[in-house]
Amino acid sequence: MNNEAKKVIDIALAEVGTKEKPVNITKYAAYFEGSDFYNGSKGDGKTWGCEWCDVFVDWVFCQAFGMEEARKKLYQPKRSAGAGCKFSANYYRSKGAFYPYPMQGDQVFFGTSGNESHTGIVTRVTKDKFYTVEGNSSNMVKEHSYTLPSKKVSGFGRPNYAAEAPAKPTYEYPVIPARGYFKTGDKGAEVQKMQKILIAICPGTLPRYGVDGEVGPETMDAVYQVQAKLGITRDHLYGPKTNAACKRYLEGV
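Residues numbered from 1 in each chain as written. Predicted model: local features only at pLDDT ≥ 70, side-chain atom pairs only at ≥ 80, totals over all residues. Heavy atoms only, no water.

A. Expanded view of helix 3 (residues 53-65). Compared with the 18 Å implied by 1.5 Å per residue over 13 residues, the 19 Å span of helix 3 between its first and last C-alpha is a close match. Across the 13 residues of helix 3, 12 count as buried, placing the element largely inside the fold. Among all positions in helix 3, only C53, D54, V55, F56, V57, D58, W59, V60, F61, C62, A64 and F65 are buried. Backbone geometry just after helix 3 places G66 at a positive phi near 85°. (Helix = DSSP H or I, 4+ residues; strand = E, 2+ residues; numbered from the N terminus. Expected span 1.5 Å × (residues − 1). Buried < 20%, exposed > 50% of the residue type's maximum accessible area, 1.4 Å probe, protein only.)

B. Inspection of the pairing of strand 3 (residues 115-125) at higher detail. Direction of pairing for strand 2 (residues 107-112) relative to strand 3: antiparallel, over a ladder of six bridges. Bridging across to strand 3, V108 finds its partner in G120. In this structure, the hairpin formed by strand 2 and strand 3 is closed by a connection of two residues, where G114 is found at a positive phi of approximately 85°. Looking at chain direction, strand 3 and strand 4 (residues 129-137) are connected through four bridges and run antiparallel. Across the sheet, the residue bridging to V122 is T132, located in strand 4. Between strand 3 and strand 4, which follow one another and run antiparallel, lie three residues. (Pairing = 2+ DSSP bridges.)

If you want it as C-alpha cells, here you go:
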C-alpha cells in the first residue's frame, strides 16, 4: 500500500465511532471555519453544521498533509465546492482520476454519475469486496463493506498520492571458502549467493547456466567481468577483496 494512502486510512479508522453533536454539528466542519478551503462556511461546530460525509474525507486529508497539500491530493482549488459529493467527484473526473474499481486510499462515491450523494474512504480491497470508513453514516463515523461490483457506487476518486520509489534490493553475500577464494568445481548455496551478486553487478553474465550453484568456466569468466567493472585485480578468483568490492558497489547503487 502507498505510504500516504496508509496514513489517510489510519487517521480515518481512528475516528470510527465519532458522533455528530447535535444534528450535523461536528469538529470536522468546525475545522474549516474561517479558512479558504471551501467556498463558504460549513458550520461553526457549536450551533450549526451541514451534511458532513465529504467534509469528513477532506478533514482526514488535511490532518494527514495540511490544507495546501490536501487540496493537491484531492484536486480541489481554493474556495472549492468540495464539501458536496458530486462536486468532489467532478474534481477527480476533470483530472482523469475517477475509476470504476477501487484501490486502498481511494475516495468512494455513492449514487448516480454526476449526482453523487455520499462518500467515504476505501480502507481495504479483496477479490470480491471493498471496505470503507464513512462520515455521517447513521450520524457517526462508521465502517462498512460492499460487494464488488456495487450498484450503489458511481465510482472511485484516486487521490494524487506521491509516487514511491521501488524498494532497494537486498543481497546475501557469500561466505568465502577457507582457502580464501572460490575455485572451479565448488558447489552449494554459497556459490549461488556469489552468482547472484555477479549477475546483479553485470547483468547478462552466466547466460547458459545461470545461478546453478556450481563454479565452472562461465562463473569464472563472470568473476573476471565483475572485477574489471569494479576496477580491482582481475584474477578470476572471488575472494574477500572481491566480495567487499561487490558489497560497496551494490550498497552504493
